[in-house]
Amino acid sequence: MPLASAVRGRPIRARVRRLRRRARLHLTPRPPPQRLMSTRLLPRITPLLPRRRPNPPVTPALAAALARVLAARATDPTWPRSLAALLPPPLSDARLAAAVSSLADPDLALALISWSKSHYHHDAPTTPLAHSALLRLLARARRFDAAEATLQSMSPAATPTRACLGELSAAYADAGMDRKAAETCARARDLHGALPVARHCNRLLRLLVERRRWKDARNLYDEMLADEGGADNYSTCVMVRGMCLEGRVEEGIKLIEVRWGAGCIPHVVFYNVLIDGYCRRGDIGRALLLLGDMETKGFLPTVVTYSVLINWLGRKGDLEKIGSLLGEMRVRGLCPSVQIYNTVADALCKWQSASQAMSVLKQMFASGCDPDVVTFNTLISAFCREGNVRQAVKLLREAIRMDLEPNQFSYTPLIHGYCIRGEVMVASDLLVEMMGRGHTPDLVTFGALIHGLVVSGQVSEALIVREKMAERQVMPDANIYNVLISGLCKKRMLPAAKNLVVEMLEQNVQLDKFLYTTLIDGFIRSENLSDARKIFEFMEEKGVCPDVVSYNAMIKGYCKFGMMNEAVLCMSNMRKAGCIPDEFTYTTLIDGYAKQGNISAALRFTCDMMKRRCNPNVVTYSSLICGYCKIGDTDTAEDLFANMQSEGLFPNVVHYTILIGSLFRKDKVFQAAEYFEHMLLNHCSPNDVTLHYLVNGLTNCMPSIMNSKYSEAHKKNALLDVFKGLISDGLDPRISAYNAIIFSLCRHNMLEKALDLKEKMPNKGYSPDPVTFLSLLYGFCSVRKPRDWRSVLPNEFQQVELEIICRHETLFDQHVDKSVSCEVSRVLQLYVEEFQSIQQPEVFAGS
């Protein structure tokens, strides 16, 4: 009888029994008062049901014997008799079900069911309980094909129990098979008039929510509510979590209010879900308000509550609020979990530095919370991003010392970091160590190794790694191919790049816009515009729409070859395709026209650029300044230089170099020297081109420097003043130019650049002289390293050289602080005293 009919039938039978008792009372004599009370109470006491004799239990010894006999059926022909002796007749369904449940191996259980059918074929018993027990075993082992076959084999009279169907549905849900799980739930409803119990339905409900199937999840939840006791706290919590995942936190709150008390008693987990929902929606303020509201409702936040908040605050980089919550946890007596510490460490790595994140590791040790491998992986990755691979390796060794098992996420950043540094052998050793620990390199590890090698310029070694990938049956993805082809194009190894493109097409790896653009740029770098144009056209034929970067690469190629009409036409096609030209587009065209000396066209595109609210950048100004210098209009170039600074753009070495070279060519040595002084004051280090212009300019303009009478402002220029003083003393003009530049660098604390220039002098055919060492001495004293002067000064000077040094000391002192000149004087005095002490014994020996 169905459950609902049985419940409806109970009041009728009870009423009939009461009427019969009343009839008996009217027919019998009235008993005494004491007996009357007993007569009234005793019939109301429900008599105990007769105790059913239970089936003998399947003891562990019997279960082991059954498993042993069934396992030996392939070698023991007498196994059916042995089984019959262990399970003598009559074998009830319940007894057989208990025997099936005692077996851990579903194959043995299937053999037992098959034996029972053949052994008791005359009686032909229906065994729904035994088959249900078998279904539970198959469900736990995820033997779904066998479970379906078992269901099909069960006769209509032997229906599976509601509990076994529930377990099967839960197993389907755990395996991600939502359709089969729903079908099994529906079968339970059809056979038993109700869904499986809540703990089984909840597994399907959770899967539907995870897959964002909100309508199906809501229907299942409503159907569970319709069954008596069919939905519990967990069911409601799953639905609330689903609403929060969609950002519908308010609907989740309403559902809790509706269900409050109706078989649902919300607790702190509900608040954790709602707080996570607000944070996920980006409304951390509401989440913090809900945290305060918890206490008013009588709920105390847990470590999980704080973990949710700290996780989302860490993503936003709100380190101050994280510190406040950690302090609140300490006040409540809650110890942060390792997950919270990991979140804080990750936030510090992203928003501050890896060194500051190390303090988290120290706090964990101090609080007795053992870090896990995620803690170390977070710090290792951060230090590798900052280039401090030495510290990252120390952390790896510390993790191993603590008996933590490093994984691929531990080794991959280190392999990448060492490759970028050019230490390929160290990276290879780490890869071997990772494999020795049982971690097979995957696509991410190989990708990190290849990227690091390409960045360090070792493209050939990266190709060898790709071959090793193929040997291990790990095929490169589009990203790895892109990195390799980009490296090959930059090295102008275009045949190898073409081979990789062919390989990509053979492996059905889709070529993307980035790859096409890389190839176009590579061909242009190799002076092969025709092939670059073919790639661009092939890209359009394959249905890959060029983007702004692709068009810019082609425009750059046309400008490089002086094909300005084609470059402008390409820009027009770019607009027709819906791509808006950017700063790079305009700057490339402006630079192309400027190099041709077509300033009017360059200015026209500059005006168009500004009309379209695309502001000129430093490269735009470089092109214009270079264009005006090319036609000899240095006055306009200087005006552009000043206008650039008024726009808040900082000039770089290119701007200074262009102006210095052009001004020297126009014989405007004083303006050129002033720009060099301005360059050093702004801490802009000159490059080789700048130094070449300076040396040639000073040497070529020497007559005008010597004959011109310049103002006081010009006299204060250290470069010209020192150069003029040195050549006036009869020293070599070219070496004097080098010495004047070295002294100017030293007085502006650019000692490393000065030392580098001193090392390059012999390659140019000029040897450093005593004045060179005097200039560097000013540099050592300016950076407060006077003791290091012996690393550049020779062990001894000749008397004439010492006189030259002392004679020019006064000239140099005019352009440095008094403290520096005093320190230089002190060092020279010590050197002279040492020189005299060495020379005096030689004099006595000669006499």
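Residues numbered from 1 in each chain as written. Predicted model: local features only at pLDDT ≥ 70, side-chain atom pairs only at ≥ 80, totals over all residues. Heavy atoms only, no water.

Per an unreviewed UniProt entry, the chain carries the name Pentatricopeptide repeat-containing protein and comes from Urochloa decumbens. The record held by UniProt for the chain lists under Sequence similarities (unreviewed entry) the comment "Belongs to the PPR family. P subfamily." (UniProt positions renumbered as here; feature names shortened; annotations may be inferred.)

Caption draft 1: Looking closely at the overall build of the chain. In terms of regular secondary structure, the chain is built from 47 helices and 0 strands. Within the span of the chain, comprising 847 residues, buried residues form 47% of the whole. Here the analysis covers contacts within the chain between residues at least 6 apart in sequence; of these, 62% occur between residues at least 24 apart. For the chain, the computed accessible surface area is about 44600 Å², with 54% contributed by carbon and sulfur atoms. (Helix = DSSP H or I, 4+ residues; strand = E, 2+ residues; numbered from the N terminus. Buried < 20%, exposed > 50% of the residue type's maximum accessible area, 1.4 Å probe, protein only. Contact = heavy atoms within 4.5 Å. Areas by Shrake-Rupley, 256 points an atom, 1.4 Å probe, with all protein chains shown as cover.)

Caption draft 2: Broad picture of the nonpolar core. With 256 residues, the main nonpolar core has Val100, Leu112, Ile310, Leu414, Ile485, Leu698 and Ile741 as its most contacted residues. In terms of residues, this core owes the most to one element, helix H43 (residues 733-747), which gives 9 residues. Each residue touching Leu698, except ones within four places of it in the same chain, is listed here: Phe664, Ile705, Leu719, Leu720, Phe723, Ala737 and Ile741. (Core = buried A, V, L, I, M, F, W, Y, C linked by side-chain atoms within 4.5 Å.)

Caption draft 3: Just the pattern of salt bridges, in detail. Taken as a whole and judged by the stated rule, the model has 41 salt bridges. Across the pair Arg280 and Asp276 runs a salt bridge, and its minimum N-O distance is 3.0 Å. Note that Arg280 and Asp276 are positioned in helix H15 (residues 268-280) at a spacing of 4 residues, about one turn of the helix. You can call Arg280 partly exposed: its relative accessible area is 38%. Between Lys760 and Asp688 there is a salt bridge, and its shortest N-O distance comes to 2.8 Å. Here Lys760 is found in helix H44 (residues 751-760), whereas its partner Asp688 is found in helix H39 (residues 688-700), with 72 residues between them in sequence. Using a relative accessible area of 47% as the deciding quantity, one classes Asp688 as partly exposed. Within this structure, Glu148, Arg179, Lys180 and Glu183 form a network of salt bridges that share partners. (Salt bridge = Lys/Arg side-chain N within 4 Å of Asp/Glu carboxyl O.)

Caption draft 4: Structural view of the confidence of the model for the chain. On average, residues of the chain carry a pLDDT of 84, and 88% of them reach 70 or more. The secondary structure element of the chain with the lowest average pLDDT is helix H1 (residues 3-27), at 44, and the one with the highest is helix H21 (residues 373-385), at 94. Predicted confidence is poor over residues 1-13, with pLDDT under 50, and the contacts of this stretch with residues over four places away or in other chains come to 1 contact. (pLDDT = per-residue confidence, 0-100.)

Caption draft 5: The environment of Arg286, seen in detail. As for its position among the elements, Arg286 is in helix H16 (residues 284-296). Overall, Arg286 belongs to the partly exposed group, its relative accessible area being 35%. Each C-alpha atom of the pair Arg286 and Leu274 lies 9.9 Å from the other, and the pair is 12 residues apart in sequence. Leave out the neighbours within four places in its chain, and Arg286 touches Glu250 and Tyr278.

Caption draft 6: Highlighting the packing of helix H5 (residues 93-101) against helix H7 (residues 128-140). Their axes nearest at 7 Å, the elements H5 and H7 cross at an angle of 15 degrees. Relative to H7, the element H5 is oriented roughly parallel. Judged by the twist between their axes, the crossing of H5 over H7 is right-handed. Residues Asp93, Ala94, Leu96, Ala97, Val100 and Ser101 of H5 form the contact with H7, whose own contacting residues are Pro128, Leu129, Ala130, Ala133, Leu134, Arg136 and Leu137. A per-class count over the contact of H5 with H7 returns 10 nonpolar, 1 polar and 2 charged. (Axes fitted to C-alpha atoms, helices over the stretch in contact; angles between N-to-C directions. Parallel < 35°, antiparallel > 145°, perpendicular 65-115°, else oblique. Left-handed = near helix turned anticlockwise from the far one by under 90°. Nonpolar A, V, L, I, M, F, W, Y, C, P; charged D, E, K, R; others polar.)

Caption draft 7: Expanded view of helix H22 (residues 389-401). Between its first and last C-alpha, H22 extends 18 Å over 13 residues, near the 18 Å set by a 1.5 Å rise per residue. After H22 finishes, the residue Asp403 shows a positive phi value of roughly 65 degrees. (Expected span 1.5 Å × (residues − 1).)

Caption draft 8: The arrangement of the side chain of Thr606 in detail. On the secondary structure map, Thr606 appears in helix H34 (residues 599-611). Apart from the residues lying within four places of it in its own chain, the contact partners of Thr606 are Ile590 and Leu624.

Caption draft 9: Highlighting unusual backbone geometry. With an omega of -5 degrees, the peptide bond running from Pro89 to Pro90 counts as cis. Following the sequence through the fold, Pro90 ends up in the loop between helix H4 (79-86) and H5. The residue Glu527 is not glycine, and still its phi comes out positive at about 60 degrees. Mapped onto the secondary structure, Glu527 falls in the loop between helix H29 (513-525) and helix H30 (529-541).

Caption draft 10: How the structure looks around the packing of helix H19 (residues 338-351) against helix H20 (residues 354-367). Look at H19 against H20: their axes get within 7 Å of each other, and the N-to-C directions meet at 165 degrees. Taken together, the axes of H19 and H20 are roughly antiparallel relative to one another. Viewed along their axes, H19 and H20 form a crossing whose handedness is right-handed. Here Val338, Tyr341, Val344, Ala345, Leu348 and Cys349 of H19 come into contact with H20, specifically with Ala354, Gln356, Ala357, Ser359, Val360, Gln363, Met364 and Ser367.

Caption draft 11: The arrangement of helix H3 (residues 60-71) in detail. With 12 residues, H3 extends 16 Å between its outermost C-alpha atoms, agreeing within 8% with the 16 Å of an ideal straight helix rising 1.5 Å per residue. Close packing links the buried residues of H3 with H4, H5 and helix H6 (106-119).

Caption draft 12: Inspection of the environment of Ala740 at higher detail. The topology assignment puts Ala740 in helix H43. Under the relative-accessibility criterion, Ala740 is labelled buried at 0%. Apart from the residues within four sequence positions on either side, Ala740 is in contact with Leu719, Val722 and Phe723.

Caption draft 13: A look at the side chain of Glu503. With respect to the helices, strands and loops of the structure, Glu503 is situated in helix H28 (residues 494-506). Apart from the residues lying within four places of it in its own chain, the contact partners of Glu503 are Arg466 and Tyr481.

Caption draft 14: Up close: the packing of aromatic side chains. Under the definition given, this model contains 11 aromatic pairs. Between Phe144 and Tyr172 the ring centres are 4.5 Å apart and the planes differ by 20 degrees, which places this aromatic pair in the stacked class. With Phe144 in helix H8 (residues 144-153) and Tyr172 in helix H9 (residues 162-174), this residue pair connects regions lying 28 residues apart in the sequence. Each member of the pair, Phe144 as well as Tyr172, carries the same accessibility label: buried. Judged by centre distance (5.6 Å) and plane angle (85 degrees), the rings of Phe743 and Tyr778 are edge-to-face. (Phe/Tyr/Trp six-rings, centres within 6.5 Å; stacked < 30°, edge-to-face > 60°.)

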